[in-house]
Structures are given as C-alpha cells and as structure tokens.
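Structural description and commentary
Each chain, letter by letter, is given below.
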Amino acid sequence: MYQAYDDIPVDKLFTFADLVHPESGKLDNSVPKNVSEIYSEAFRIKRLAPNAFAVQIRRALEALCEDRGAKTGILEKRLSTLAERGEIPTTLAAVSNVLRLIGNIGAHAAEELVKPWQVYAIDEFFRTVIEYVYVAPSKLNDFRASLETFDSKSTKDDGAT
C-alpha cells in the first residue's frame, strides 16, 4: 500500500509515493548510500536479533557522523559535535545518545540485553534523526524548486493572456 498526496504527475508514477505497508527497510533517496545500506541490513534482522539490530543502528549513526563531517573522536563526541553545530537539535542529540548507549548494550556480552520491545523505539528514534538530518531538508529543497517552477510557469501564463 502506498500513500501519496494529490496532483502527482502521471509520468512520475510512484516516485513521490511512500510505501506504508508492508513496512520497508528502505530509507529516502536523500539518505547517503552507506547510511542507507547499514540501516537496510539492520532492518532485516530487526525482529530476529534485537542486540544485533541495536549495534547496526549504532553503526548507522557512525556513518551519519562520518557523512556530516564529524569524523574524529568516539561516537558520543561526534554526536555532540553535530549538536553543537546545530545539525541535530538538543532533543535529537539526546535520542542519538540513547541509541548509542543501547547499541553498546547490544555489542557487549553482559547480562543486560536489548529487549524485543525496545527495537521498535530504536527504529522510530533512528528514523526521526534521519528525517531531520536528510529527508526534511531534501523535501524542503524539492518543494522550493517546485514553487520556482510554478512561479515561472504562472508568470509566462500571465504574460500570454
């Protein structure tokens, strides 16, 4: 099942529609390939191996930091760097830190394990970070471009009447 908004040109077909069911491990095209591939791998093991899923999400956060130029230091410092630069707001920086900590739990052979019910929150939080860092800015740019196209077309139409 796909969800789309009105006025999608026929020649675009499903490129602007979102798959809403069944759930997909695919991220938006605006997300860098490395981040997207790590997430896709994580998604495949989401229900089978909660610890491994959490570790993969941690890896995806590392890839996000790498992509955004926060390349030095431990992951905690790299996420702080993104927050200091304003690339991630305070709340999402806190969410990212929780994802990092849960990824640490999943990575170490300790008594504490990532619980199956936590996987859904981890996934939702990670997708929220991705939405803020990559998807929303990309959609805003696309929308602005469509407004410019609309404005230039309406200007031409106004002059022809």
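Refer to the structure presented above.
The paragraphs below set out a description of the structure included in this document. These numbers were taken from a predicted model, which means no experiment stands behind them.

**Observations concerning the packing of helix α2 (residues 50-67) against helix α4 (residues 90-107)**
Where α2 meets α4, the closest approach of the two axes is 7 Å, and the angle between their N-to-C directions is 135°. Here α4 runs oblique to α2, going by the angle between their axes. At the point where α2 passes α4, the crossing takes the left-handed sense. Residues N51, A54, V55, I57, R58 and L61 of α2 pack against S96, L99, R100, I102, G103, N104, I105, G106 and A107 of α4. Across the contact of α2 with α4, the residue classes break down as eight nonpolar, five polar and two charged.

**Points about α2**
Helix length check: α2 (18 residues) gives 26 Å between terminal C-alpha atoms against 26 Å at 1.5 Å per residue, within 8%. Buried within α2 are the following residues: P50, F53, A54, Q56, I57, R58, A60, L61, A63, L64 and C65. G69 sits one or two positions beyond α2 and adopts a positive phi of about 90°.

**Re the packing of aromatic side chains**
Any two aromatic rings considered together are summarised by their centre-to-centre distance and by the angle between their planes. One pass over the structure, following the stated rule, counts two aromatic pairs. Ring centres of Y39 and F126 lie 5.6 Å apart, and the angle between their planes is 15°; this geometry places the pair in the stacked category. Of the two residues, Y39 is situated in helix α1 (residues 33-45) and F126 in helix α5 (residues 116-160); the sequence distance between them amounts to 87 residues. In this structure, Y39 and F126 share a single accessibility class: buried. By the ring-pair criterion, three or more aromatic residues cluster together here, those being Y39, F43 and F126.

**Observations concerning the pattern of salt bridges**
Where charged atoms from two side chains of opposite charge come close, those side chains can pair. According to the stated counting rule, one finds eight salt bridges in the structure shown. R58 is the salt-bridge partner of E62, the closest N and O atoms lying 2.6 Å from each other. One end of the pair, E62, and the other, R58, are both in helix α2, four residues apart, so they sit about a helical turn from each other. Classification of E62 as partly exposed rests on a relative accessible area of 28%.

**Digging into the nonpolar core**
Ranked by size, the top nonpolar core spans 34 residues in total, and within it V35, I57, L64, I122, F126 and I130 carry the most contacts. Going through the elements one at a time, α1, α2, α3 (75-84), α4 and α5 are the ones with two or more residues in this core. Leaving out residues up to four positions away in the same chain, F126 has contacts with L27, V35, Y39, I57, A60, L61 and L99.

Rules behind the numbers
- Residues numbered from 1 in each chain as written.
- Predicted model: local features only at pLDDT ≥ 70, side-chain atom pairs only at ≥ 80, totals over all residues.
- Heavy atoms only, no water.
- Axes fitted to C-alpha atoms, helices over the stretch in contact; angles between N-to-C directions.
- Helix = DSSP H or I, 4+ residues; strand = E, 2+ residues; numbered from the N terminus.
- Parallel < 35°, antiparallel > 145°, perpendicular 65-115°, else oblique.
- Left-handed = near helix turned anticlockwise from the far one by under 90°.
- Contact = heavy atoms within 4.5 Å.
- Nonpolar A, V, L, I, M, F, W, Y, C, P; charged D, E, K, R; others polar.
- Expected span 1.5 Å × (residues − 1).
- Buried < 20%, exposed > 50% of the residue type's maximum accessible area, 1.4 Å probe, protein only.
- Phe/Tyr/Trp six-rings, centres within 6.5 Å; stacked < 30°, edge-to-face > 60°.
- Salt bridge = Lys/Arg side-chain N within 4 Å of Asp/Glu carboxyl O.
- Core = buried A, V, L, I, M, F, W, Y, C linked by side-chain atoms within 4.5 Å.

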